[in-house]
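Residues per chain are reported as follows:
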Amino acid sequence: MCLLIWLVIDIFLPCVPVSTAAEPWPENATLYQQLKGEQILLSDNAASLAVQAFLQMCNLPIKVVCRANAEYMSPSGKVPFIHVGNQVVSELGPIVQFVKAKGHSLSDGLDEVQKAEMKAYMELVNNMLLTAELYLQWCDDATVGEITHARYGSPYPWPLNHILAYQKQWEVKRKMKAIGWGNKTLDQVLEDVDQCCQALSQRLGTQPYFFNKQPTELDALVFGHLYTILTTQMTNDELSEKVKNYSNLLAFCRRIEQHYFGKGSSSIRLS
Amino acid sequence: MAAPLELSCWGGGWGLPSVHSDSLVVMAYAKFSGAPLKVNVIDNTWRGSRGDVPVLTTEDNTISQPAKILNFLRKQKYNADYELSAKQGADTLAYIALLEEKLLPAVLHTFWVESDNYFTVTKPWFASRMPFPLSLILPGRMSKGALTRILLTRGEPPLYHLREVEAQIYRDAKECLNLLSNRLGTSQFFFGDMPSTLDAYVFGFLAPLYKVRFPKVQLQEHLKQLSNLCRFCDDILNSYFRVSLGAFSCVNRNEQQIDFGEVHSHDSTTCKLIAPDWRYSK
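Under an unreviewed UniProt entry, the name given to chain B is Metaxin 3, and the organism recorded is Ovis aries.

Printed below as a string of structure tokens:
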């Protein structure tokens, strides 16, 4: 009976509109992700950076806290998640909605057609770039053996580190198979990444941001993924080479890094 | 012209050349780009395979999956996108990603997971086009595949419960339809006056949803309210797929193939729709 009530609440509560707009953004808002140095993987780092960039663009202060069990603390199982007041929200999409309910939005100035385009390009990044990152991390044997397994299980003792890593790998491979990426080779995946970057580069053109003068959540998402790809050391550099082919994307990343993350010199290396 | 390209795909119904989204995407693109395709409709004989449909067979190789087939056709100089600018090409990729992420789960759910729809419409239709005993196994497998795809892409570990995601996927699909309607506006096609790859994909995903008669129709009702999308589908059906079909309910127990007529394309090349030997298995 209790279980039934709990299930009912769990299903209906997210649909009930909560008046969060009344409360302003607190000073102690925190973002949780995995341990930066030893544990976090490429795709999670990209997602976390995208959220951080988005919040910076909205001028909302956030403190980044690293916890080994961030994935399990998250309400949806995905990182990053933010803890604001007494709300916990995970993933960029819901966080954008949550921030909008608090009265901050980057895409209010866009008309309907532009909003449709923005959503479409965000799906493109999720569909191609994120899936390619997951593929590289979990389905490419060289990367899995050298980097992923070691990093993913690093906070845990033996044999838990191996068990968790294998379980996650099995989950990701299952998902890849369901969406038709199971039979793709690494070269085909890199081709897809190249196509995606080409589309982003053509859409960006010579503008500073995707929708001209003001950044939107799309800029945050693209920055998160591209910057992470460019600055993460992988077993081979093919993924970052694909991005480096497009100079306007490199300039875009540098611009956001310097403007919103206040670094004097860029950490993006061209060599 | 080179050796004919043969496309093997699921057949049509309810006024559509095919009720299967992927097959419809390829057929529409072929019409738009003028590619001469010989369409082989899958029937309930043991000829041909049913996995990975649609499949394009050329002299040298076989290609499956719509994206790869379209790439191949483009390389053979059947390109419906040559008038598009670079930005429009990029927009095409983005909108296709939007369709696959937001609309496809709900379409799969409407066809394969929603039990009323699946047991009264989808399963009998597909089973009648498969030989026994495949007709007992394959529809169930396709349904399971659709459910797995929905849960793995939209569900959340560790429960992976369908009920939790159902509301969300329909909400996303309705939003996606609204976005498409806003983007199309009053134009005839998404990029001006000539149809392109994006039009083929949108048509392929929307037309079955629009035309097939289901008991549970919430997404269909929403689509019917967006009159410009309905007009878009009807226009393409009338201009590119004008078919002079006889009655669907003819039964031929001999091993004869009935020629259902010719599909006239806008540039007056014809390709014959070879109808299967209709054997209804109740």
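Now that the structure is up, let's keep going.
Caption draft 1: Fine view of the sheet that holds strand 2 (residues 63–66) of chain A. All names here are of chain A. A sheet is described by the order of its strands in space; here 4 strands give the open sequence 2-1-3-4, paired in mixed fashion. In this open sheet, the two edge strands, each paired with only one partner strand, are strand 2 and strand 4 (87–90). Strand-to-strand twist in this sheet, taken as the mean axis angle between neighbours without regard to direction, amounts to 25°. The pairing of strand 1 (residues 30–33) with strand 3 (residues 81–84) spans 3 bridges and is classified as antiparallel. Paired with Y32 across the strands is F81, a residue of strand 3.

Caption draft 2: Molecular detail of the packing of helix 5 (residues 112–138) of chain A against helix 7 (residues 160–178) of chain A. All names here are of chain A. Where helix 5 meets helix 7, the closest approach of the two axes is 10 Å, and the angle between their N-to-C directions is 135°. Relative to helix 7, the element helix 5 is oriented oblique. Where helix 5 crosses over helix 7, the two elements pack in a sense that is left-handed. Facing helix 5, whose interface residues are T131, L134, Y135 and W138, helix 7 presents A165, K168, Q169, V172, K173 and M176. Along the lines of polarity and charge, the residues of the contact of helix 5 with helix 7 split into 6 nonpolar, 2 polar and 2 charged.

Caption draft 3: Just the interface of chain A and chain B, in detail. Tallying the contact residues gives 23 residues for chain A and 24 residues for chain B. By the criterion of area lost to chain B, the three top residues of chain A are E123, N127 and Q202 of chain A, representing 18% of everything that side buries. Remark: the boundary between chain A and chain B carries 3 salt bridges. Counting only elements with at least two residues in the side of chain A that touches chain B, the list comes to helix 5, helix 7 and helix 8 (186–204) of chain A. Here the side of chain A that touches chain B takes 11 residues from helix 5 of chain A, the largest share from any one element.

Quick notes on the rules
- Residues numbered from 1 in each chain as written.
- Chains lettered and ligands numbered in written order.
- Predicted model: local features only at pLDDT ≥ 70, side-chain atom pairs only at ≥ 80, totals over all residues.
- Heavy atoms only, no water.
- Pairing = 2+ DSSP bridges.
- Helix = DSSP H or I, 4+ residues; strand = E, 2+ residues; numbered from the N terminus.
- Axes fitted to C-alpha atoms, helices over the stretch in contact; angles between N-to-C directions.
- Parallel < 35°, antiparallel > 145°, perpendicular 65-115°, else oblique.
- Left-handed = near helix turned anticlockwise from the far one by under 90°.
- Contact = heavy atoms within 4.5 Å.
- Nonpolar A, V, L, I, M, F, W, Y, C, P; charged D, E, K, R; others polar.
- Buried area = accessible area lost by both parts, 1.4 Å probe.
- Salt bridge = Lys/Arg side-chain N within 4 Å of Asp/Glu carboxyl O.

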